[in-house]
Amino acid sequence: MTQQLHAPTADEVEAFRETILAKLTYSIGKDPEHASDHDWFEAVALATRDRMIDQWMDRTRESYRQGKKRVYYLSLEFLIGRLLIDSLSNLGLLETARQALAGINVDFERIRLTEPDAALGNGGLGRLAACFMESMATLGIAAHGYGIRYDHGLFRQAIVDGWQHEQTETWLNFGNPWEFERPEVSYLIGFGGSVMALPAEGPGKEPRHFWHWSEGVRAIAYDTPIVGWRGASVNTLRLWRARAEADFHLERFNAGDHVGAVSEGARAESISRVLYPADSTEAGQELRLRQEYFFVAASLQDLLRRHMDQRGTLLNLPEFASIQLNDTHPAIAVAELMRLLVDVNGIAWNKAWELTVATMSYTNHTLLPEALETWSVGLMERLLPRHMQIIYLINAHHLDALRERGIHNLELLRSVSLIEESNGRRVRMGNLAFLGSHSINGVSALHTGLMRETVFTDLHSLFPNRISNKTNGITFRRWLYQSNPQLTALLVEHLGEELLDDPENMLRQLEPYAEQAQFRARFAAQRLENKQLLARIIQEQLGIEVDPSALFDVHVKRIHEYKRQLLNLLHTVALYQAIRSDPGGNWVPRVKIFAGKAAASYHTAKMIIKLTNDIARTINDDPTVRGLLKVVFLPNYNVSLAERIIPAADLSEQISTAGLEASGTSNMKFALNGALTIGTLDGANVEMSEQIGLEHMFIFGLTAQEVEARKQAGEYNAEATIFGSSRLNEALLSIRDGAFSADDPARYTALIDGLKWQDTFMVCADFEAYWHAQLEVEARWRDPNNWWRSAVLNTARTGWFSSDRTIREYAEDIWKVL
Ligand code: 26V
C-alpha cells in the first residue's frame, strides 16, 4: 500500500491510534485484550468515518450556501465492495492506520479482510454506480446516490460437486460501521387503493386527483458518506429500508387479527429484504415493482423537500436538480414526479411535464430483449392506480402531439407508444424513461449506435437530439491504487506522485518506458508477485497448484450465454486434445481462470458452471497434460475477489457476441493493470482498440454488423461450420459424448445440441477465429519483449477510461453542473 504521499508523523499516528482505541472501548465496548479481528475492523472504520465527517458537513454546508445544482443518481444497485481501504486511501490515512495498529500489535492485513463486501448489485451496472459515486466525490460534484438498503445482497455462491448453490448473503450480521441510521428522515409510501377525481374548479383549471392508497410502508434513510480522492469532498449514498408502519398494523393487532397484522408487517418489510439476483433475465414479479416504486417515491419526496427548503418553489427545479435514472429500474420516477407536481403541488399538467423532462435523464445499459422492462397494465392498476392514469395521460399527450406534427403512420405510433398491445397490455418502461427525459445515453459508442438503430429507432427519429453516448469508465483509485499497490508504486517511481492526481493524462508518459528492457522487467516482476498471491488463493480455495509463471488466462464476469464462456471452454477442450495428441509439443503453459455467478433461475448458465468444473477436474487430473494446462473455477466472484484476480491476469477474455455487451467495464480494469485483451469488437472494446492500438490486443470474430447480417439472411448454418473445423467438431463431440461427465454421460447433450442447431450467440461461427487469435496470444507470450511492451502500453493508454472522464461528460453535457 503506497498512496500516502508523505510519511505520517509520530503525532499523527499516535492521534489516530488513540481514536481507534477510544472507539474500541466506548463504541464497541471491548477491551483490546479481548477484541476480535472484527472488533478491530469496526474500531478502525469508526475512526476513519470520524475523519470524513467534518469534511462531509463542511461540504454540505458549502454547497447549500453556494446554491449549487445537485445530481441525484437513482439506482436499484450499488455494488460497493469493501470501504475501509477505499476510505483510508482517499483520506491519505492508509499508512497512518497501518502504523497505528502495528504499534499495538494488530495485523492490519488481517483485520481488513474481515470487512464484508457490500454486494448490493448484480454486476456491471451496480459496480458502475459505485465507481460513479466515487468519481463524483472526487470531482466535487454535489451528488446523492439513492437506492435500497437490502438486508441481503447478491447471494453467496458455493460450488458443491461442480454445481452452483446459492446461499443467503448476510453482510449486516455484525452491523455496518459506515452508515448512519436516520430515523427522522422517513417517508410513508403508499400502494394500492383508488383514485378520486374532483372536477375542475373553473375555466382553465384542471381536475384534481386524490390517491387514497390502502397500504402504507415506511421508508427509513441510512446514509453512507462517500469520500473522494484526497478527501476532496464527501457525498452521501442514501439507502432506504422498508419498515412496517406501526400504527397501521397495531389497529389490526388490537382488533384480534394477530396473524394478519404480522404478515402485513412482514409483507411491508420484505420490500428491502433482498436484491433481485437476476441480471438481464426477466423479473416480472410484483415485489420487484414494489421495490422500484418504494425507493423512487422516497427519493423524490426527499429531494423535493430539500429543494423546497432551499428555494421555496418547485418551478425552478431543473435549475437546481438533475435526476439520473440508472437503467429503467427507477423509470416510474417519471410518473411519480408528475404526480407530486400536479396532484400534490397543484402545478398545471403542461408545466409539470416541462419540469419533469428538464430534470430527468436516463441511461440505457442493455439491448437484450429479455431485460427490457415492461409491467402489465393490470398489475400497475392494482399497485399504482394513479400512476397508471398518469402514464395513460402522458401517452395521450405524446400521441396527440405526434398527430399534430402530421405523423399518422400507425406502425410508428404503435412502436413509440408507452403501452404495448401485442401480448396483453403492458407498460414499456424504456419508452417511459425516454419520453420523460431530456437526455438518453448509451454506455459505449457501439451500444449507443445500436440504441439509435434498434430498440429506440422510432423514438430517436422523433427526438433526434436526445440520445448521446457516454462511454463507461472505472475509478482508478480502487482498480489501480488500491488493488495493485505494487504497480502503482512502480508508476509513481517513474512518473512522480502527480500521477495519482491526474492519471488520465499522465499515464501516457509511461509510453517511452515500454521500450526500456529494464522497465519491462520490473513490470513483469511485479506481475509475477501478483500472480503468486493469486496462486496462493487458488491453492487455499481449491487445493489446486498452479504455476505462477504460466500464462494466466482470465474470464470473470456474470455467466451468460452472450458473454460466451462456452466459447472459451471449447477452446480449452480443443487445446487439451491438442496437448494430448502431442504431449511433447512446445506448449505454452496456461492457467484458465474462470469465475462468475449464474442467475438462480438460468438453467443454461448453471450448466456452463458445471461444465467448467467437469472440464477442470478432467484436465487437472490428466497426467499426460503434466500441468501444461490447468483450469480453475473460483467460487463466489465479487468485488473483493476481482481486486485480487485482475492485477494477476496476463490475458483478459472479453469475447461476447458482437453487439450484445453494452460496454463492459472489467475490460478496462484488466487493461489498466497491464493485461492484454482477447476480444471481439463489442462494447467498449471498440474504444479500447482505438486508444490502445489493435496491435496490442487480440481482436477476432464477427462484427456486430456481420452478426446482424447473418441473422437477417437466416443463412447461417452451424452444422456446416462445425463440419469445416475438425477441432471444433471433436471438442463438441467429446463434451456431448460424456468425456467430461462419465458419471452422467448425457449431461451436456442438450447444451451442445443447442450450439449445433441454434447457435444463437455465434459460438461455432467464431470458434476458428478465436482459435487463431489464441495462437497469436501464444506467439506473443513466447516473445517476452513484445508481450511486456504491449502490456506496458495497455496501462499507458487506458487513462481515457477513468470514470472521472465519464462523469465529467455527464456533468457537462447532461447535468450542466461543471
Ligand atoms: C436487469 C435485470 C432484469 C430483471 C431482474 C433484475 C435485473 C437486474 C439488472 C439488470 C440490468 C442488466 C443491465 C446491465 O447490467 N448492463 C450492464 O451494464 C454495464 C454498465 O453499463 C455494462 O458495462 C455491461 O456491458 C452491461 O451488460
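The structure we're discussing is the one just above.
How each quantity is defined
Residues numbered from 1 in each chain as written. Predicted model: local features only at pLDDT ≥ 70, side-chain atom pairs only at ≥ 80, totals over all residues. Heavy atoms only, no water. Buried < 20%, exposed > 50% of the residue type's maximum accessible area, 1.4 Å probe, protein only. Helix = DSSP H or I, 4+ residues; strand = E, 2+ residues; numbered from the N terminus. Pairing = 2+ DSSP bridges. Right-handed = clockwise from strand over helix to strand, strands pointing away. Phe/Tyr/Trp six-rings, centres within 6.5 Å; stacked < 30°, edge-to-face > 60°. Axes fitted to C-alpha atoms, helices over the stretch in contact; angles between N-to-C directions. Contact = heavy atoms within 4.5 Å. Parallel < 35°, antiparallel > 145°, perpendicular 65-115°, else oblique. Left-handed = near helix turned anticlockwise from the far one by under 90°.

1. A closer look at the pairing of strand S23 (residues 676-679)
Consideration 1: Burial along S23 is two-sided: Leu676 and Ile678 facing one way and Thr677 and Gly679 facing the other are all buried.
Consideration 2: Across 4 bridges, the pairing between strand S22 (residues 651-654) and S23 is parallel. Within S23, the residue paired with Gln654 across the bridge is Gly679.
Consideration 3: Following the chain from S22 across helix H26 (residues 666-672) to the adjacent parallel S23, one finds a crossover that is right-handed.
Consideration 4: With 2 bridges joining them, S23 and strand S24 (residues 698-699) adopt parallel strand pairing. Residue Ile678 lies in a different strand from S24, and its bridge partner there is Phe698.

2. Some thoughts on the sheet that holds strand S15 (residues 419-420)
Consideration 1: Reading across the sheet, the 3 strands line up as S14-S16-S15 and stay open at both edges, with antiparallel pairing between neighbours. With partners counted over all chains shown, the strands left at the sheet margins are strand S14 (374-376) and S15, one partner each.
Consideration 2: When S15 meets strand S16 (residues 426-428), the two strands line up antiparallel, connected through 2 bridges. Bridge pairing links Glu420 to Arg426 in S16.

3. A look at the packing of aromatic side chains
Consideration 1: Counted by the stated rule, this structure contains 23 aromatic pairs.
Consideration 2: Relative to Phe132, the ring of Tyr73 has its centre 5.9 Å away and its plane inclined at 80 degrees; by these criteria the two rings are edge-to-face. Of this pair, Tyr73 sits in strand S1 (residues 70-74) while Phe132 sits in helix H6 (residues 124-138); the two residues are 59 residues apart in sequence, bridging distant segments of the chain.
Consideration 3: Here Tyr73 falls in the buried class, since its relative accessible area comes to 0%.

4. So, the sheet that holds strand S10 (residues 215-227)
Consideration 1: Overall, mixed pairing links the 9 strands, which are arranged S7-S10-S11-S4-S1-S12-S13-S17-S18 in an open sheet. Of all strands in the sheet, those with a lone pairing partner are strand S7 (180-191) and strand S18 (467-469), marking the two edges. Averaged over neighbouring strand pairs, the angle between their axes works out to 25 degrees when direction is ignored.
Consideration 2: Alignment of S7 against S10, held across 9 bridges, turns out to be antiparallel. Bridging across to S10, Leu188 finds its partner in Arg218.
Consideration 3: Each of S1, strand S4 (143-148), S7, S10, strand S11 (234-244) and strand S12 (321-326) is contacted by helix H9 (residues 286-311), which is oriented at about 115 degrees to S7, the strand it contacts most.

5. Considering the packing of helix H30 (residues 726-736) against helix H32 (residues 763-781)
Consideration 1: It is at 10 Å that the axes of H30 and H32 come closest, and there the two elements cross at 115 degrees. Viewed along their axes, H30 and H32 adopt a mutual orientation that is roughly perpendicular. When you trace H30 past H32, the crossing you get is right-handed. Of the residues in H32, those in contact with Arg727, Leu728 and Leu732 of H30 are Cys764, Phe767, Glu768, Trp771 and His772.

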